[in-house]
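Secondary and tertiary structure notes
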Amino acid sequence: MRWNYTPVHADSVTALARSLGTTPVVAELLFRAGIAEEGAGRFLQPALAGLGDPFLLTNLERAVDRLLQAIRRQEKVMILGDYDVDGVCSTTILVCLLRRLGLQPDYIVPRRAEEGYGLTRTSIERALEKGRPDLFVALDCGTNSGEEVSYLRSQGVDVIIVDHHRSTEPPASEAILINPHVHPTAGDDAWRFLCTVGLVFKLAHGLLKKLRLENHPVAVTIVLKEYLDLVAMGTIADLVPLHGENRIFARHGLRMLAETRRPGLKTLMQVSGLKPDQGLMPTDISFRLGPRINASGRLADAALSVDLLLSGDAAFCDTAARKLDDLNRERQDIERLITERAEKYVETHFLDSRGLVLFDEDWHPGVVGIVAGRISRKYNRPAIVLGNEGTLAKGSGRGINGYNLVEILGACAGCLDSWGGHPTAVGVSLKKERLDEF
């Protein structure tokens, strides 16, 4: 391994440290991170006042107006959120907020094994079993679900999508779509890389702003920052860059998480061995809370996690939190076995490969994303790990700096059944007979 070291001008470091009231080590790290002096103070002390006007996001005001219509007319609303921490926390925020504003929205979470990822026809059909809604809201998925949105619209259902995944095909044009990657605007650097839970917080902010202008009796009593505990969890667990508004959400959300009044979240922290009175760190979400919430979506039904975060029943919270803990232990055991076999495959067959594609009939598709991350880090190359799902090989990929997995998979799209995600994390499925080609 070669180490490259470029000295930083000592006088500049000393001047920055003095102006910020910090140490030379911190000042040098800021220089090396490319953070200019005028932005260093905001980076070290991100303030809630630094959050921008939510209506600067494309389509956010349209989505707010549609939600206002639903509230005024007491319409039937269905919310579908993804099964990871970002999707679970996004769903929890929107359901909780709409309940306080007088609606009783239904919600579902896709069942990974039966329905696959996101806004699929199968998950929609299950949602419609509860009756046709007036408004369908998809969270942390749906950008690439044009056909599914068309189907909902043919049923007379309006659709809002809040998502942060890149578009791999023409985005769903018949929905009100909030996605900064699909609709980038000049000067949106502060919120371009929000994950869905951050975008949902902005949506909630916009909704409350309009309701407060009308002196809505409930809206004026809602303290929006109390939702930052969930925003921090989704933001940190989804590994989005912690700068701009993400940094504000993480800093203040960790404080709100330590003081949370959600019974389910307090019980989950207790089961996870956390002591909030001693303060919480991002790693407490990454390695304690996040894996337990994710475990239900990987091995069972992620609706359990949403139920837990919404519940005020102490007995249910205790049972659900312990169930998540058991599922996480099961997930760890499965993951350990898959990782060991994946490493043997690499060492035996693929050490000279610039990118890794690994598959085994015995691997569980629900945990291969974690394995892909471990393999990618260990061998410092992009890795896609696939498990068995009937006639398909299905799994996840993790990348490294300098490689955009969305672009890479775009060049391979001809042999894939479905794919999508972020530059460093993607989901993939393909027919098994095309594995060698892939």
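Look a little higher up for the structure.
The rules behind the values
- Residues numbered from 1 in each chain as written.
- Predicted model: local features only at pLDDT ≥ 70, side-chain atom pairs only at ≥ 80, totals over all residues.
- Heavy atoms only, no water.
- Buried < 20%, exposed > 50% of the residue type's maximum accessible area, 1.4 Å probe, protein only.
- Helix = DSSP H or I, 4+ residues; strand = E, 2+ residues; numbered from the N terminus.
- Pairing = 2+ DSSP bridges.
- Right-handed = clockwise from strand over helix to strand, strands pointing away.
- Salt bridge = Lys/Arg side-chain N within 4 Å of Asp/Glu carboxyl O.
- Expected span 1.5 Å × (residues − 1).
- Contact = heavy atoms within 4.5 Å.
- Axes fitted to C-alpha atoms, helices over the stretch in contact; angles between N-to-C directions.
- Phe/Tyr/Trp six-rings, centres within 6.5 Å; stacked < 30°, edge-to-face > 60°.
- Polar contact = N/O pair within 3.5 Å; in protein donor to acceptor, adjacent residues only side chain to side chain.
- Lys, Arg positive; Asp, Glu negative; His and termini not counted.

1. Digging into the pairing of strand β7 (residues 383–389)
It is a general feature of regular strands that their side chains alternate between the two faces of the sheet. Counted residue by residue, β7 has five buried out of seven residues, so it is predominantly covered. Direction of pairing for strand β6 (residues 356–359) relative to β7: parallel, over a ladder of four bridges. When the bridges of β7 are listed, Leu 358 appears paired with Val 385. Each parallel crossover has a hand, and for β6 linked through helix α16 (residues 368–379) to β7 it is right-handed. Pairing of β7 with strand β8 (residues 392–398) involves seven bridges; the strand directions are antiparallel. Residue pairing for β8: Val 385 is matched across the bridge by Ser 396. Hairpin connection from β7 to β8: two residues lie between these consecutive antiparallel strands, with Gly 390 at a positive phi of about 65°.

2. Details of the pattern of salt bridges
With the rule as written, the count across this model stands at 30 salt bridges. With a shortest N-O distance of 3.1 Å, Arg 341 and Asp 360 are connected by a salt bridge. Residue Arg 341 is found in helix α15 (residues 314–350), and its partner Asp 360 is found in the loop between β6 and α16; the two are separated by 19 residues along the sequence. Here Arg 341 falls in the partly exposed class, since its relative accessible area comes to 35%. Among the salt bridges present, the one from Lys 431 reaches Asp 417, with a minimum N-O distance of 3.0 Å. Of this pair, Lys 431 sits in strand β10 (residues 425–431) while Asp 417 sits in the loop between α17 (405–411) and β9 (418–421), placing them 14 residues apart in sequence. With a relative accessible area of 35%, Lys 431 lands in the partly exposed category. By relative accessible area, Asp 417 is classed as partly exposed at 40%.

3. What about helix α11 (residues 245–258)?
Taking 1.5 Å as the rise per residue, α11 with 14 residues should run 20 Å; its terminal C-alpha atoms sit 20 Å apart, in good agreement. A large share of α11 lies buried, amounting to ten of its 14 residues. Buried within α11 we find Glu 245, Asn 246, Ile 248, Phe 249, Ala 250, His 252, Gly 253, Leu 254, Met 256 and Leu 257. Taken together, the buried residues of α11 touch α9 (196–213), α10 (228–237), α12 (263–271) and α13 (282–299).

4. Some remarks on unusual backbone geometry
Backbone geometry at Asn 215 places phi at a positive 55°, although glycine is not the residue there. For Asn 215, a relative accessible area of 62% translates into the label exposed. Although it is not a glycine, Asn 380 sits at a positive phi angle of roughly 50°. Tracing the backbone through its elements, the reader meets Asn 380 in the loop between α16 and β7. Residue Asn 380 is classed as exposed on the basis of its relative accessible area, which comes to 57%.

5. A word on the sheet that holds β7
Pairing is mixed across the open sheet formed by five strands, whose spatial order is β6-β7-β8-β10-β9. Both edges of this open sheet fall to β6 and β9, since each of them pairs with a single strand only. On average, adjacent strands in this sheet sit at an angle of 15° to one another, irrespective of strand direction. In the packing of α16 onto the sheet, the strands contacted are β6, β7 and β8, and the crossing angle to β8 comes to about 50°.

6. Examining helix α5 (residues 85–100)
The terminal C-alpha atoms of α5 lie 22 Å apart, and with 16 residues this matches the ideal 22 Å at 1.5 Å per residue to within 8%. Summarising burial for α5: 14 of the 16 residues are buried, a large majority.

7. A few points about the packing of aromatic side chains
Following the criterion strictly, the structure yields three aromatic pairs and no others. Look at Tyr 83 and Tyr 117: their rings are 6.5 Å apart centre to centre, the planes differ by 75°, and that puts the pair in the edge-to-face class. Of this pair, Tyr 83 sits in the loop between β1 (77–81) and α5 while Tyr 117 is found in the loop between α6 (112–115) and α7 (121–128), placing the two residues 34 residues apart along the sequence. We classify Tyr 83 as buried; its relative accessible area is 7%. What makes Tyr 117 partly exposed here is its relative accessible area of 38%. With a centroid separation of 5.2 Å and 70° between ring planes, the pair formed by Phe 201 and Phe 249 is classed as edge-to-face. Placement of the pair is Phe 201 in helix α9 and Phe 249 in helix α11, with a sequence separation of 48 residues. Of the two residues, Phe 201 and Phe 249, neither departs from the other in class, the shared state being buried.

8. Things to note about the side chain of Ser 305
By secondary structure assignment, the location of Ser 305 is in helix α14 (residues 303–310). For Ser 305, the side chain forms a polar contact with the main-chain oxygen of Ile 293, separated by 3.2 Å.

9. Observations concerning the environment of Val 157
Within the secondary structure layout, Val 157 lies in the loop between α8 (146–154) and β4 (158–162). Overall, Val 157 belongs to the buried group, its relative accessible area being 0%.

10. Overview of the environment of Met 78
Counting through the fold element by element, Met 78 comes out in strand β1. The spacing of Met 78 and Tyr 107 is 29 residues in sequence and 5.5 Å in space, taken between C-alpha atoms.

11. Points about the pairing of β4
Among the five residues in β4, four count as buried, and that is most of the element. Relative to β4, strand β3 (residues 135–139) runs parallel, the two sharing five bridges. Considered in β4, the bridge of Leu 139 is made with Val 162. A crossover links β3 with its parallel partner β4, the connecting element being α8, and its sense is right-handed.

12. Here's the deal with the side chain of Asp 163
For Asp 163, the position within the fold is in the loop between β4 and β5 (176–178). No salt bridge is formed by the buried Asp 163, whose closest oppositely charged neighbour, Arg 166, lies at an N-O distance of 9.3 Å. The residues contacting Asp 163, other than those within four sequence positions of it, are Asp 140, Cys 141, Gly 142, Thr 143, Ile 178, Asn 179, Pro 180, Thr 196 and Leu 199.

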